Amino acid sequence: MTVTLEVAEGVGTLRLDRPPMNALDVATQDRLKELAEEATRRADVRAVVIYGGEKVFAAGADIKEMQNMDHAAMIVRSRGLQDSFTAVARIPKPVVAAVAGYALGGGCELALCADFRIAADNAKLGQPEIQLGLIPGAGGTQRLPRLVGPSKAKDLIFTGRMVKADEALTIGLVDRVVPAADVYTEAHAWAARLARGPAIALRAAKEAVDTGLETDLETGLAVERNWFAGLFATEDRERGMRSFVEDGPGKAKFL
């Protein structure tokens, strides 16, 4: 299998495993979508880590496979490509990308689908599609400017240049930089911490933020308002408030 899902401590690890560079061919894209949807459904998965291994996150699409596709074939396949990444972005649980080595093209776009990105100090990220006479096709022209702003996104997309971990941190493309040996451990620890939190409230928070970024302020406020009120019907809200009153802040234990 080119992608696997392993679960421990409430954390599901989506592991890319297509040596040597985790090139994202059609089969890998489809498997990624399948397992992202499984992670969405499974109650024992409360947070997710995306990981490509110690040497490379994902070095992009399988160029040899794409070279043989004509316009008609890509009209059909481009939807499947985007859908596989969107399935990751729509996992209604906290998702962290553990990025070591190269995260280029589709690899960078996959990292963009996470809520949080922890990069190894050897990470290199970029959108080099322009060097192939193309543009990013798995969400890069949309998710990257929403994350780092249009000017910085255009710099990366127009030039196709790679950025090292330190610059990626400076521009907001990644959120933390750690030694390469620690990237998965740190990502799993972040996810495990959130896996112990109130699952419905975390889902609500993610949906409210993501929806708000895609719509106008008034609609975003309505989404927030509806979720906020709705959470008063949950056991987690009762447990959290009772713990606060009886034991003080930050001590609630959620199921």
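Keep in mind that this is a model prediction, so the values were computed, not measured. (Residues numbered from 1 in each chain as written. Predicted model: local features only at pLDDT ≥ 70, side-chain atom pairs only at ≥ 80, totals over all residues. Heavy atoms only, no water.)

Draft legend 1. Local environment of helix H8 (residues 183–195). Counted at 1.5 Å a residue, the expected span for H8 with its 13 residues is 18 Å, and the 18 Å between its end C-alpha atoms agrees. Of all the positions in H8, only Val183, Ala187, His188, Ala191, Ala192 and Ala195 are classed as buried. Considered in projection along H8, the buried side chains sweep an arc of 155 degrees and stay on one side of the axis. Residues Thr185 and Arg193 are exposed on H8 and point more than 90 degrees away from its buried face. Residues of H8 that are buried make contact with strand S1 (3–8), strand S2 (11–16), strand S3 (47–51), strand S5 (95–99), strand S7 (116–120) and strand S10 (176–178). (Helix = DSSP H or I, 4+ residues; strand = E, 2+ residues; numbered from the N terminus. Expected span 1.5 Å × (residues − 1). Buried < 20%, exposed > 50% of the residue type's maximum accessible area, 1.4 Å probe, protein only. Arc of directions from axis to C-beta. Contact = heavy atoms within 4.5 Å.)

Draft legend 2. Structural view of the sheet that holds S7. Spatially, the six strands line up as an open sheet ordered S1-S2-S3-S5-S7-S10, and their pairing is mixed. The two strands at the open ends of the sheet, each matched to only one other strand, are S1 and S10. Within this sheet the neighbouring strands show an average axis-to-axis angle of 20 degrees, counted without direction. Where S2 lies against S3, five bridges are found, and the strand directions are parallel. For Gly12, the partnering residue across the bridge sits in S3 and is Val48. In the packing of H8 onto the sheet, contacts are made with S1, S2, S3, S5, S7 and S10, and the angle to S3 comes to roughly 165 degrees. (Pairing = 2+ DSSP bridges. Axes fitted to C-alpha atoms, helices over the stretch in contact; angles between N-to-C directions.)

Draft legend 3. How the structure looks around unusual backbone geometry. Residue Pro20 follows Pro19 across a cis peptide bond; omega there is 5 degrees. Checked against the element boundaries, Pro20 lands in the loop between S2 and helix H1 (26–41). You will see that Asn22, though not glycine, has its phi angle at about 55 degrees, which is positive. Mapped onto the elements of the fold, Asn22 is located in the loop between S2 and H1.

Draft legend 4. Geometry of the nonpolar core. Counting 45 residues, the largest nonpolar core has Phe57, Leu125 and Leu173 as the members making the most contacts within it. Residue contributions to this core peak at five residues, all from helix H3 (residues 71–89). Counting residues in each nonpolar core, the second largest holds 16 residues, with Val49, Ala100, Val183 and Ala191 among its members. (Core = buried A, V, L, I, M, F, W, Y, C linked by side-chain atoms within 4.5 Å.)

Draft legend 5. Up close: the packing of aromatic side chains. In the structure shown here, the tally under the stated rule is three aromatic pairs. Look at Phe116 and Trp190: their rings are 4.8 Å apart centre to centre, the planes differ by 5 degrees, and that puts the pair in the stacked class. With a gap of 74 residues between them, Phe116 in strand S7 and Trp190 in helix H8 connect regions that are remote in the sequence. On the numbers, 5.6 Å between centres and 70 degrees between planes, the contact of Phe228 with Phe232 is edge-to-face. (Phe/Tyr/Trp six-rings, centres within 6.5 Å; stacked < 30°, edge-to-face > 60°.)

Draft legend 6. How the structure looks around the environment of Ala43. Of note, Ala43 is situated in the loop between H1 and S3. Distance in space between the C-alpha atoms of Ala43 and Ala199 is 9.7 Å, their sequence separation being 156 residues.

Structural measurements only, silent on function.
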